[in-house]
Amino acid sequence: MSIYIHDTLNFVSKMTPRRAWNAAKVVSSFYITKWRKKPVQWGLPFTVSLEPTTACNLRCPECPSGLRAFTRPTGNLKEDFFRSTIDEMHKELMYLIFYFQGEPYINPKFLDMVKYANDKGIYTITSTNGHFLNDANAKKTIESGLDRMIISVDGTTQEVYENYRKAGKLDNVLEGARNMVKWKRKMKSKTPHLIFQFLVVKPNEHQIDEVYRLAEEIGIDEVKLKTAQVYDYKHGNDLIPTIEKYARYAKQADGTYTVKNELLNHCWKLWHSCVITWDGMVVPCCFDKDAEYRLGDLKKETFKELWQGEEYNNFRKMLLKGRDQIDICTNCTEGCKVWA
């Protein structure tokens, strides 16, 4: 059976009537909002990103963690807070992304928290730079029940890889990937579904074919090519690919660049998902990396109160009036798509 079918069936197996009903309410309220142009919010998010840590071992040039550029506090998600949050949300929650900023494996309790979510029947995913997948961590990852793992491989040679993954060692990443494949096979586990994510930038775009070959050689299940978010793009940037379909930005007649996608005044993410920082702040989406738009604090109120509260509703109203007036939305290429 295809590895993709296995992954899909694994996700579907976690569906319950309550989760399906909640998803139906969320989707219908999103379309009613588009029709009425006034926020209607039924149900609770069925996708949540939880941040294990803001710390990172790398120095990637377009990442606040890598640049050490946060104005918000740095720290690790605490296990007791995580458990109480999952206990509140798990009956509606279908998909848990253990990632926002930072490298998840830096949090010493990361895999224990993955197992807790897995025991609640939630489909779990993480994204890692791959430097901490030693033999012991690889085995424990399989045992945790993690459903999907994205490993960032943004170059197939060290010289190209380190153009973006500053301070990274490609050999360590590839060895970690081999450890994951080895333990999956030893334990006869179908999970996690392993993905090589290749962030396409100008320095590595000539290695796209090579990353597919490398993934097949190691035994990785899938390769995903991702477009790169660049903060300083208006007058061009050395990271913007020359292959047009892999660039988020289009060159204008006057030589400046603009985001390709039209900024429609609605956003699917504000209806079906949210991001929770390591210290309990709830923010609209993954584009709010410095938690500028704090819509609530889970240390002070329940998620349901927060999700239906004044701050969230005011943000939804502001978004419906004009996404181009919200700075985190102006560099977004995906927020308006359903199932993004």
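Remember, it's a predicted structure, so these values are computed and weren't measured experimentally.

Rules of the game
- Here the residue numbering is sequential within each chain, running from 1 through the sequence in written order.
- Restriction of local features to residues with pLDDT of at least 70 applies here, the model being predicted, together with a cutoff of 80 or more for giving and counting side-chain atom pairs; totals for whole chains, interfaces and linings are based on all residues.
- With hydrogens and water excluded, all non-hydrogen atoms of the structure serve as input to the side-chain values.
- Helical segments are the DSSP runs of H or I of at least four residues, strand segments are the runs of E of at least two, and each set is numbered from the N terminus.
- The cut-offs for exposure are 20% and 50% of the maximum accessible area for each residue type, with area from a 1.4 Å probe on protein chains only; residues under the lower value are buried, those over the upper are exposed, and the others partly exposed.
- Any two residues whose heavy atoms approach within 4.5 Å at even a single point are treated as in contact.
- What the arc measures is the spread of directions leading from the helix axis to the C-beta atoms.
- The definition of a nonpolar core used throughout is a set of buried Ala, Val, Leu, Ile, Met, Phe, Trp, Tyr and Cys residues joined through side-chain atoms within 4.5 Å.
- Only rings of Phe, Tyr and Trp enter the pairing, Trp through its six-membered ring, and a pair is recorded when the two centres are within 6.5 Å. The plane angle decides the type: under 30 degrees is stacked, over 60 is edge-to-face, the rest tilted.
- Distance and angle both matter: a charge sits over a ring if NZ of Lys or CZ of Arg is within 6 Å of the ring centre and within 35 degrees of the ring normal.

Participant: Go over the environment of Val275, please, and point to the residues and values.
Facilitator: Here Val275 shows up in strand E9 (residues 273–276). Taking relative accessible area as the criterion, Val275 reaches 3% and is therefore assigned buried. Taking C-alpha positions, Val275 is 4.7 Å from Ser49, a pair spaced 226 residues apart along the chain. Those residues within four positions of Val275 in sequence are excluded, and the remaining contacts are Ser49, Phe100, Met281, Val282, Val283, Pro284, Cys285 and Cys286.

Participant: Residue-level account of helix H9 (residues 208–218), with values.
Facilitator: Turning to H9, its buried residues are Ile208, Val211, Leu214, Ala215 and Ile218. Take H9 and look down its axis: the buried residues cluster within an arc of 115°, on one side only. Seen from the open side of H9, the exposed residues pointing more than 90 degrees away from its buried face are Asp209 and Glu216. Where the residues of H9 are buried, they touch helix H8 (170–186), strand E5 (193–200) and strand E6 (222–227). Note on H9: the residue one or two positions beyond its end, Gly219, has a positive phi of about 105°.

Participant: Tell me about the nonpolar core, and please be specific about residues and values.
Facilitator: Counting 90 residues, the largest nonpolar core has Phe82, Leu96, Phe196, Ile276 and Phe303 as its most contacted members. With seven residues, the top contributor of residues to this core is H8. Setting aside its immediate chain neighbours within four residues, Leu96 contacts Val48, Leu50, Phe82, Ile86, Ala117, Ile122, Tyr123, Thr124 and Ile125.

Participant: Just give me the short version of the packing of aromatic side chains, but keep the residues and values in it.
Facilitator: The geometry of an aromatic ring pair is captured by the separation of the ring centres together with the interplanar angle, meaning the angle of the planes. One pass over the structure, following the stated rule, counts 14 aromatic pairs. When the centroid spacing of 6.0 Å and the interplanar angle of 65° are considered together, the rings of Phe30 and Trp271 count as edge-to-face. You can see Phe30 sitting in helix H2 (residues 17–36) and its partner Trp271 sitting in helix H10 (residues 269–272), a full 241 residues away along the chain. By relative accessible area, which is 1% here, Trp271 ends up buried. When the ring of Phe82 is compared with that of Tyr116, the centres are 6.3 Å apart and the planes differ by 70°; the resulting orientation is edge-to-face. Of this pair, Phe82 sits in helix H4 (residues 79–89) while Tyr116 sits in helix H5 (residues 110–119), and the two are 34 residues apart along the sequence. The exposure class of Phe82 is buried, given its relative accessible area of 0%. The lysine or arginine in question, Lys186, covers the ring of Trp183, its NZ or CZ lying 4.8 Å from the ring centre. Here the basic side chain of Lys289 rests over the ring of Phe287, its NZ or CZ set 5.2 Å away from the ring centre.

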